[in-house]
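# Understanding the architecture of this molecule
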Amino acid sequence: MSNYDPMMDGATIKPLFEKSDADCSTFINAAIPRTYLTTGTAQIPSSIVALMSGPGGSSKSMCVLGIALSLVSGKTYLGFIPEGQKEVIYLSGEDDKSEIHRRAERMFPELFPSQDNSPFDKKAALAALNRFHVPDLTGQNLRLSEKSDDITKTNVFQSLVIALEPFENLDMIIFDTGSRFRGGTENSAEDAAFFISLCEQIASEKEATVLVITHSNKLGGSNQQSVRGSSAIVDNARFVMTMKPNNDDQTLIEFNVAKNNYGLIGKQGLFRRKDDGTLELTDQNDAQKTKALAKLGIHEQSIIDHIRSLHSAGAPISIRDFARNYSGTKASYDLSENTLREGLLALVDMGRLTKQKSGRTEILVPVVQVKK
C-alpha cells in the first residue's frame, strides 16, 4: 500500500494501518512458536535479518557457505545442526560462481561421504544442490540503496525482488558482502537502518532469513561494537555472529554470537582453518555436545516444548527424572535413557535450557522463563 499517488497533484495520505489490523483477540490462543534454522553451534532464527561479521581473511564466507550447505543437505557441519533440509540462495558480489564451486567442493567429502573410492557421494550431493542456488553476479551493480539528498531504494532492489519470485521455498538468502549491496555512507545511522529495512522487506516477503556478511572495524573483537560502520546496522539486525582469528594461533578462528534477540549470547565455537581453507570444529567439548544434540534428532524441539509445558503446569522436572520417565521405545521419545540425559545436558550447555536449584535437586527451566 503506497502513501503517495503519482497520478495526483499532491500526496494522498492513507492510514498506516487499519483498526482491524490491531486486533489482539487471537492472543487468547497459543502463540506460534519461534522456529530456528539451526541449533548446535548457533541457534539461527528463521525469517529475520542476521549478520556475520569478521575481519578480512577470517573465513567468514567459508563458514557461511558451510552453513548454507549444512542447511540444504540436512547434515551437521561445524557443529551447526540444521532443522531439516532447507533451501538457500547465495548472492555473492565478491567471488564468481566458479570460486563458490571450488570452495563448496572441498566440503563435499565430509558432507556427502562416499561408500566407494569416489571423492564424495555424487547422488547425495546432487539432491542437496537442487536446494542450493548461486547466480553469478560479479561485475554487476548490486546496490539496493543509493543516496543523493535522501537514501532511497534502487531499481536493483526491485530487480532482485522480481528475480527471487520463482524461488517459492527459500529459507535463507545470503548477501556476500553487505558493502556490495548497500549504498549511502557506511557510518550513517540513517543509511544503515534503511539497508536493514530493505533486507527486512525481503525476509518478510520470502519468509526467509537474510544473512548479511560484513566486515569488522579496525579494533576487531567479537562483540557488537566490532561490526564496521554505524551501530545502527547491529541495532536493527536481530542476530549477529562474529568470527576472529585467535591472538595466539592464527589458524584458530573464534566464533561468537554477539547479539541474539531470541536467546543467549557468548562464545559458541572454535574452528581450525585447514590447509585447503575449509574449517573444522576443534573444541572437544563442543564436538561432544554437537554429537549429543544430533542424537536427539527430530525430538529436540518437542523435548524443549515438553519441559516448558511441565514448567508452566507447576510440575518442573530434573534431568535425571525426565530421562528416566520419558526414554525408551514405549515412552514419549524413542531414545535410550543415557542418550536423552546427554542430550538434555547439551541443551543446557548450549543455552536452550537452564537449571535452577529447587530444594535438593536442580530442575530444568526454559531459558525464556529464567528470572533475572
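Owing to the predicted nature of the structure, the values given are computational and were not obtained by experimental measurement.

## Some thoughts on the pairing of strand β15 (residues 361-366)
- Bridging between strand β14 (residues 353-358) and β15 involves 6 bridges; their strand directions are antiparallel. Residue pairing for β15: Leu353 is matched across the bridge by Pro366.
- The loop that links β14 with its antiparallel partner β15 comprises 2 residues; one of these, Gly359, has a positive phi angle of about 70 degrees.

## Concerning helix α10 (residues 319-326)
- By the burial criterion, the buried members of α10 are Ile319, Phe322, Ala323 and Tyr326. Take α10 and look down its axis: the buried residues cluster within an arc of 95 degrees, on one side only.
- Where α10 is buried, its residues contact α9 (300-312), α11 (337-349), β14 and β15.
- After α10 finishes, the residue Gly328 shows a positive phi value of roughly 100 degrees.

## Considerations on the pairing of strand β10 (residues 239-245)
- When you tally the buried positions in β10, you get 7 out of 7 residues, the bulk of the element.
- Alternating positions in β10 separate into two faces, Phe239, Met241, Met243 and Pro245 on one and Val240, Thr242 and Lys244 on the other, with burial throughout.
- Two strands pair when backbone bridges link them, and strand β2 (residues 49-54) and β10 are joined in this way by 4 bridges, in the parallel orientation. Paired with Met52 across the bridge in β10 is Met241.
- When β10 meets strand β11 (residues 252-260), the two strands line up antiparallel, connected through 7 bridges.

## Details of the confidence of the model for the protein chain
- For the protein chain, per-residue confidence averages 88 on the pLDDT scale, and 93% of positions sit at 70 or higher.
- Low pLDDT (under 50) marks residues 1-5, which in the prediction has 12 contacts with non-local residues, meaning those over four places away or in another chain.

## Let's talk about the packing of α9 against α11
- Running from N to C, α9 and α11 point in directions that differ by 80 degrees, and their axes come no closer than 12 Å. The pairing of α9 with α11 is recorded here as roughly perpendicular in orientation. Here α9 contributes Glu300, Ile303, Ile304 and Ile307 to the contact with α11, which in turn contributes Leu340, Leu344 and Leu347.
- Classifying every residue of the contact of α9 with α11 gives 6 nonpolar, no polar and 1 charged.

## Considerations on the side chain of Thr39
- Tracing the chain through its elements places Thr39 in strand β1 (residues 38-40).
- There is a polar contact of 3.2 Å between the side chain of Thr39 and the side chain of Glu300.
- If sequence neighbours within four positions are ignored, Thr39 has contacts with Gly79, Phe80, Ile81, Glu83, Glu300 and Arg352.

Rules behind the numbers
Residues numbered from 1 in each chain as written. Predicted model: local features only at pLDDT ≥ 70, side-chain atom pairs only at ≥ 80, totals over all residues. Heavy atoms only, no water. Pairing = 2+ DSSP bridges. Helix = DSSP H or I, 4+ residues; strand = E, 2+ residues; numbered from the N terminus. Buried < 20%, exposed > 50% of the residue type's maximum accessible area, 1.4 Å probe, protein only. Arc of directions from axis to C-beta. Contact = heavy atoms within 4.5 Å. pLDDT = per-residue confidence, 0-100. Axes fitted to C-alpha atoms, helices over the stretch in contact; angles between N-to-C directions. Parallel < 35°, antiparallel > 145°, perpendicular 65-115°, else oblique. Nonpolar A, V, L, I, M, F, W, Y, C, P; charged D, E, K, R; others polar. Polar contact = N/O pair within 3.5 Å; in protein donor to acceptor, adjacent residues only side chain to side chain.

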